[in-house]
Each structure stands twice: as C-alpha cells, then as structure tokens.
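Per-entry structural report
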Amino acid sequence: MTVNLLTAIISIIITICEYEKYRQYTRKLDLVDDTLEELGIPKEYHKMRNLTRKALIIWFLMICVTWTSNSLACIGIFHDTRAIFLPFVMSYSMYVNSITDITFILFLRHIGASLDKINNHIKQLSETEDCGLRCKWKKFLVVNNYNVRNAKNCKHILWIVIHLHLELCRTARDINGFFGLQMTLQMITYFIVLNAGSYFEYYTILHLKEINSNIILYTSVSSMIWFLVFLTKLISVNHICESVSAKAHKTKSIIHKLTNLICFAEAREEIYQFVLQVSLRPLKFNGCGLFCFGYAFIRKFFVWTLTIVIFMAQMGFVPVWNEIDRKNTANSSYMRL
C-alpha cells in the first residue's frame, strides 16, 4: 500500500507540473495523423474514442468489484457496516494508478496503430513495377492533390514515411521517460502484491479443510480478485510495449526490401542509413533504465515470483489474515464465556 500511495502522489505531482509535456505529446501525435491523412490514410479517432470508453468502463467495473469484495471482508473483520468505506480509502491510490496505466497504454496503442499504417504504406511502395516508371497501387492515394505515379513521387513519399517513423519513435521514448518513474514503481507494487497473493492462495488451498470462518473465505475471494487485477495490468502493459517495439522493428525489414527496386536506387543510401539507425537504436520501453518491458520481463517476473513463493513455503510463513482470524475467533470465544 505504501508503494501504491507513493506512486499515486508522484503521478499527481508529475501530471500537474509537466502537463505541458503531456499536451505536447498529444500535439505531436496529431501532426503525425495529419501527415498520414495527406498521404491518403484516414484518421481513426472514432476507434480511439471507443477504446478509451471501453477502458474507462472496465476501470469503473474494477472499482465496483474490488470495493464490494473488500467491503465484505472488512465487515466480517470489524463487525460494523461502516467498514464498507474503509476499502475505498485504502484502495484509492490503486484506482489513481490505474488511470496512469490506462493513459500509458492508450498512448502506446495510438503509436502502434500509426506504425501499422506506415508499414502498410511502405508495402504499397514496394509494389512499384516497370523499373520505377509506373506505380501500381491497390487503392488511389492523394498527396497534396496530385497522384503518385512516378518514381520521384515515390521517393518523396518514402522520405516522408521515414521521418514519420523516426518522429513516432522519438515521441514513444519521450512518453516512456514521462511515465518511467510511475511505471517502475507500479512494477514494484505488482511484484509485492502478486507474491503476497500467490502465497496467500497457496496457503489457503493447503489448509482449506481447517478453514471454518467466513472471514478467511471473504479475504481469499478478495485476494484472488486483486491478484487477477494486478496480473491483468502487468500483462497488458508489457504486451503493448512488446507490440509497439515489434512494429517499429518490422519497419526496418519492410523498408529494406525497397533497395531491390530500381526506382529507389538513388534513395538506397538514405534507406541504408535508416536501417542502420533503427538497428543500432531499436525502440525499447524501460523502467528508469533498470529493466525493459516486454515478454522477457514477464517470464523473469513469474520466475522470481515462483522462487519467492517456494522460499516462503519452506520457511513456513503464515499470512497476516490468518492471524487476524485467530484473534477474532479468540475474542468471540472470550465474549461467549
């Protein structure tokens, strides 16, 4: 909870102090979309609005489900209906941090969609025929109200697409730097919560026959829900980072195929420089330079989690909720006497 609260405070402070940077990233992405629209690629703002709306709905449902499960556990512990407000206060920082996760994912989702458009456009450039004298397109493209029909225009479009790709990668790195500290603290929170949740569920299943209290059952259900929430957030963040990195790397292999076409003979040096630049500095998302997000991070995360759970099981740790249940049972027995 302490790390979660610290992350929420840092996120609020950074958002307030660096709000102009946030708007700057939005304007850069809008300029990229405007340029792509000039190349004949329509904007897809309606998809982004729908995705944002779905993310907020899921966020609201997560609040309702977690609040309900935690409230049942708190009422069982404190035997007071007023305890239903306690979970919201304790989980408020987590709800704020979820907004940070959603914003980060939506930014990268938008960059990934733009990279997809660039890759598809480069594939259309590779369909040039007759030694670059004519360009055959799957669909009619418009660039500043003139048709792309000759090799000169194809090279002009190629340079535009290359600059768009570099601008997207630069913006993605800036966004990673903007959210870097928050996401690093988030990963620490995920590690603590998922380790504690894994061991608690393991301990509960192992001593299932000995459980005769509703408090443990409510707590187990609440713990499982939080476990799934944090696991979903962990996988979602790393998946979108891996996806955007793969799309940025894919551009290198697609654009390298253009060097085989005669119409791009004069642009081969620029293409080789671009391929070399992408190879030497691939797009990677990291947490303050400590680790890189992606599937490899998920694998290492699970290995460390399994290691710690095995260590705790061998040391015979008892979850704190079991101690609370024992105290409540003892107090109940004392009151009966």
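Keep in mind it's a predicted model, so treat the numbers as computed, not measured.

Thoughts on the overall build of the protein chain
Looking only at helices and strands, the protein chain has 9 helices and 4 strands in total. Listed N to C, the secondary structure of the protein chain is α-α-α-α-β-β-β-β-α-α-α-α-α in terms of helices and strands. Buried positions account for 44% of the 337 residues belonging to the protein chain. Here the contacts in the protein chain between residues at least 6 apart in sequence split such that 77% fall between residues at least 24 apart.

Considerations on the UniProt feature "transmembrane region" (unreviewed entry) in the protein chain
If you check UniProt for "transmembrane region" (unreviewed entry), the listed places come out as residues 56-78, 84-108, 178-200, 215-235 and 301-321 in our numbering. End C-alpha to end C-alpha, residues 56-78 measures 32 Å, and it is 100% helix and 0% strand. Along residues 178-200 one finds 100% helix and 0% strand; the C-alpha atoms at either end are 35 Å apart.

Structural notes on the side chain of Ser-93
Positionally, Ser-93 belongs in helix α4 (residues 86-125). Judged by its relative accessible area of 5%, Ser-93 falls in the buried class. Those residues within four positions of Ser-93 in sequence are excluded, and the remaining contacts are Asn-4, Leu-5 and Ala-8.

Some remarks on the packing of helix α2 (residues 19-38) against α4
It is the contact of α2 with α4, at a shortest axis distance of 11 Å, that shows an interaxial angle of 20°. Accordingly, the angle class assigned to the pair α2 and α4 is roughly parallel. Along this stretch, α2 crosses α4, giving a crossing that reads as left-handed. Side by side, α2 and α4 meet where Tyr-22, Tyr-25, Thr-26, Leu-29, Asp-33 and Leu-36 of the first sit next to Thr-103, Phe-107, His-110, Ile-111, Ser-114, Lys-117 and Ile-118 of the second. For the contact of α2 with α4, a count of residues per class yields 7 nonpolar, 4 polar and 2 charged.

So, a nonpolar patch on the surface
There is a patch of nonpolar side chains on the surface, built from Trp-67, Phe-85, Phe-88 and Tyr-92 and spanning about 410 Å² of accessible area. Among the structural elements, Tyr-92 can be located in helix α4.

Overview of helix α8 (residues 295-315)
Its 21 residues give α8 an end-to-end C-alpha distance of 30 Å, which sits within 8% of 30 Å, the value for a rise of 1.5 Å per residue. All of the buried residues along α8 are Phe-297, Ile-298, Phe-301, Thr-305 and Val-309. Buried residues of α8, seen end-on, are gathered within an arc of 100° and therefore sit on one face of the element. What points out from α8, more than 90 degrees from its buried face, is the exposed set Arg-299, Lys-300, Val-303, Trp-304, Leu-306 and Gln-314. Gly-316, located one to two residues past α8, shows a positive phi value of around 75°.

Cut-offs applied
- Residues numbered from 1 in each chain as written.
- Predicted model: local features only at pLDDT ≥ 70, side-chain atom pairs only at ≥ 80, totals over all residues.
- Heavy atoms only, no water.
- Helix = DSSP H or I, 4+ residues; strand = E, 2+ residues; numbered from the N terminus.
- Buried < 20%, exposed > 50% of the residue type's maximum accessible area, 1.4 Å probe, protein only.
- Contact = heavy atoms within 4.5 Å.
- UniProt positions renumbered as here; feature names shortened; annotations may be inferred.
- Axes fitted to C-alpha atoms, helices over the stretch in contact; angles between N-to-C directions.
- Parallel < 35°, antiparallel > 145°, perpendicular 65-115°, else oblique.
- Left-handed = near helix turned anticlockwise from the far one by under 90°.
- Nonpolar A, V, L, I, M, F, W, Y, C, P; charged D, E, K, R; others polar.
- Patch = residues over 30% accessible without salt bridge, like charges linked within 9 Å, V, L, I, M, F, W, Y side chains within 5 Å.
- Areas by Shrake-Rupley, 256 points an atom, 1.4 Å probe, with all protein chains shown as cover.
- Salt bridge = Lys/Arg side-chain N within 4 Å of Asp/Glu carboxyl O.
- Expected span 1.5 Å × (residues − 1).
- Arc of directions from axis to C-beta.

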